[in-house]
Amino acid sequence: MIQELCVVLGHRPAGENIFTLGFTSPAIARMTRAGQFLNIKVGGGADPLLRRPFSVYHTDGAVVEIVFNVIGRGTAALCRKQPGETIDVLGPLGVPFGIETPDFETGVLVAGGLGVAPMPLATRALRASGKQVVTFLGAHNAGSIVAAHLLNVRLSTDDGSSGFHGTVVDLARQSLARREFRRPKIFACGPTAMLRAVARLAEELEIACEVSLEGPMACGFGICQGCPVELAGGGYALMCKDGPVFDIRRIIL
Ligand SMILES: Cc1cc2nc3c(=O)[nH]c(=O)nc-3n(C[C@H](O)[C@H](O)[C@H](O)COP(=O)(O)OP(=O)(O)OC[C@H]3O[C@@H](n4cnc5c(N)ncnc54)[C@H](O)[C@@H]3O)c2cc1C
Ligand code: FES
């Protein structure tokens, strides 16, 4: 993990109220593995005081990109960053997806909304490991689909404006129940309700599954104890240090 003042290259719209932001960091670009995140201090002063966690969305050479929804003060400040300004970046943090394991042949990516953020790096790592990739991508509507850098995308929207009309888990269920993929393993990221549905699906069909959680955090590296995740075997893990990626059987969502 490093802490670095990184120069912003700029941002561009990626969907309704969704932006990507690029900055330069050869070290973070080189070190990051799929599923890891950065804790970013967006303002120079006290507002906002706390860092904000973001998945690493894409890397290209020395350039690192995040993708974000403008939600509150932190993401609004990120959106105002101009090329040449700096952000204070801590990372890469957390446990990555278990991609290089021999226990599966097809990586089934299931992403809801901005849960797509870790999927481009997951796609790249899966391909580099010689695995097949299929991506189930769900969004509220056609305007909020972020599908760059993905492979074999099957879309769903809540309002039916693009792709399957319904939830991304219902869409994934159709293919997984038909056993369309050789030795699948699910990698999922999205809202908690979606991850609960993914957990039920994985259990029912007996498919290995890892989920990446996106709950509230503060320090981002195990000091403040502010990000507990309940463990199935009793006790708690820390989302930032022991996750954000967990085997679904280990945790209670
Ligand atoms: C490991 C990890 C990776 C993440 N990756 C991304 C990413 O790639 N892209 C992205 O857009 N977001 C991501 N998030 C969520 C992101 O950190 C929050 O959206 C961000 O902190 C919001 O900051 P803000 O200052 O704009 O909003 P705040 O002012 O902090 O919050 C505004 C409102 O949004 C609510 N809120 C804050 N965070 C979340 C959240 N995580 N989920 C739901 N509601 C929330 C708050 O409760 C509050 O009501 C990630 C979170 C984690 C833990
Ligand atoms: S955010 Fe501080 S321990 Fe996890």
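Residues numbered from 1 in each chain as written. Chains lettered and ligands numbered in written order. Predicted model: local features only at pLDDT ≥ 70, side-chain atom pairs only at ≥ 80, totals over all residues.

Colleague: Honestly, the site of ligand 1 in this entry has me stumped. Any pointers?
Modeller: The environment of ligand 1 is made up of 22 residues, and the closest members are F68, G72, G74, T75 and A117. Secondary-structure elements contributing two or more residues to the shell around ligand 1 are β4 (52–55), β6 (63–69) and α2 (73–80). Of the residues in the shell around ligand 1, the class split is 13 nonpolar, 6 polar and 3 charged. Both domain 1 (2–93) and domain 2 (106–214) contribute no fewer than three residues apiece to the shell around ligand 1. (Near = placed C-beta within 6 Å. Helix = DSSP H or I, 4+ residues; strand = E, 2+ residues; numbered from the N terminus. Nonpolar A, V, L, I, M, F, W, Y, C, P; charged D, E, K, R; others polar. Domains from an automatic or database assignment.)

Colleague: Sorry if this is basic, but what is going on with the sheet that holds strand β5 (residues 58–60) here?
Modeller: Note: strands within a sheet are paired through backbone hydrogen bonds, in either parallel or antiparallel orientation. An order of β4-β3-β7-β1-β2-β6-β5 is seen for the 7 strands of this open sheet, with the pairing classed as antiparallel. Each edge of the open sheet carries a strand with a single partner, namely β4 and β5. Strand-to-strand twist of the sheet, defined as the mean angle between neighbouring strand axes without regard to direction, takes the value 35°. Summarising the sheet, strand β3 (residues 37–41) and β4 pair through 4 bridges and their orientation is antiparallel. Note that in β4 the partner of F37 across the bridge is S55. (Pairing = 2+ DSSP bridges. Axes fitted to C-alpha atoms, helices over the stretch in contact; angles between N-to-C directions.)

Colleague: Please explain the domain arrangement of the protein chain as it appears in this structure.
Modeller: When the parts of a complex come together, some accessible area is lost, and that lost area is often taken as the interface size. According to the domain assignment, the protein chain contains domain 1 (2–93) and domain 2 (106–214). A straight line from the C-alpha centre of domain 1 to that of domain 2 covers 24 Å. Each partner contributes to the interface: domain 1 provides 12 residues, whereas domain 2 provides 13 residues. When contributions to the side of domain 1 that touches domain 2 are tallied by element, the ones reaching two or more residues are β1 (2–15) and β6. Its residues assigned to classes, the side of domain 1 that touches domain 2 shows 6 nonpolar, 5 polar and 1 charged. (Contact = placed C-beta atoms within 7 Å.)

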